[in-house]
Amino acid sequence: MNHLVWIILDSCRYDSFVQAETPFFSSIAAVERRFSYASWTYPAHQAFLMGMVPHTSPSRVFASEVYKEEFKRWRRRLNIPDLSYSDFIPELNLVLRLKKLGYRTIGRVSLPVLNPYTQMAVPFDDYRLMEDHNSFAEMVNDISFTPQQPVFYFLNLGETHYPYMLDDPNLPRLSGVHGVYRKLDAHLSEK
């Protein structure tokens, strides 16, 4: 079985990514234009944790056919030739399946909407919300592998979600879901 590191560049657009200098990512694999099964962070990550990688959105093809083809790739990714879709039943959860196969499962997330109190965090052996959105370097420093046990790292990068968090009063402040909730609560307390 192979170690697995799944890196999510949260809300990163393909057109922006291909214009950026990405020597690390370019050394891993070719860039493909793909689409998430959901357009918002939390449901998109729930789909990821079902094993549903972003798809190429081919025309005139049912989504179920796309998923079947993508699922076959998990056999190669993990080097588990007999892995089947029925192995995911009834939970439909990649993390639980990997744990049953002997993986240690570790989640590191940058966005508060993915915090450890959500259902998403439950199946992980170790799951943590990072101190701030710009913590990819800290996540990478935390990664370690041993030959005794395969590891699954699930990393959510906030840098690409909030790329303009500059300290400038003339720029709009993107506060994320927690900032929105705080503002809603203030509105609800008004008479």
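Treat the numbers as computed from the prediction; the structure is a model and nothing was measured.

Cut-offs and rules
- Residues numbered from 1 in each chain as written.
- Predicted model: local features only at pLDDT ≥ 70, side-chain atom pairs only at ≥ 80, totals over all residues.
- Heavy atoms only, no water.
- Pairing = 2+ DSSP bridges.
- Helix = DSSP H or I, 4+ residues; strand = E, 2+ residues; numbered from the N terminus.
- Axes fitted to C-alpha atoms, helices over the stretch in contact; angles between N-to-C directions.
- Salt bridge = Lys/Arg side-chain N within 4 Å of Asp/Glu carboxyl O.
- Buried < 20%, exposed > 50% of the residue type's maximum accessible area, 1.4 Å probe, protein only.

Q: Would you mind showing me how to read the sheet that holds strand β3 (residues 126-129) here?
A: Adjacent strands of a sheet form backbone hydrogen bonds with each other and so pair up, either parallel or antiparallel. Taken in spatial order, the four strands make up an open sheet running β1-β4-β2-β3, and their pairing is parallel. Each edge of the sheet is formed by a strand with only one pairing partner; in this case those strands are β1 (4-9) and β3. For this sheet, the mean inter-axis angle between neighbouring strands, taken without regard to orientation, is 5°. Of the pairings in the sheet, the one linking strand β2 (residues 104-109) to β3 comprises four bridges and is parallel in character. The partner of Ile106 across the bridge, within β3, is Asp126.

Q: Can you walk me through the pattern of salt bridges in this structure?
A: Two side chains of opposite charge can pair, provided their charged atoms sit close to one another. Per the counting criterion, the structure on display carries 13 salt bridges. For the salt bridge of Asp142 with Arg108, the shortest nitrogen-to-oxygen distance reads 2.9 Å. In this pair, Asp142 sits in helix α6 (residues 136-142) while Arg108 sits in strand β2, placing the two residues 34 residues apart along the sequence. On the basis of relative accessible area, Asp142 is assigned to the partly exposed category, the value being 30%. For the salt bridge of Asp142 with Arg128, the shortest nitrogen-to-oxygen distance reads 3.7 Å. Note that Asp142 is positioned in helix α6 and Arg128 in strand β3, a separation of 14 residues in sequence. Linked by salt bridges that have partners in common, Glu32, Arg34, Glu70, Arg73 and Arg77 make up one network.

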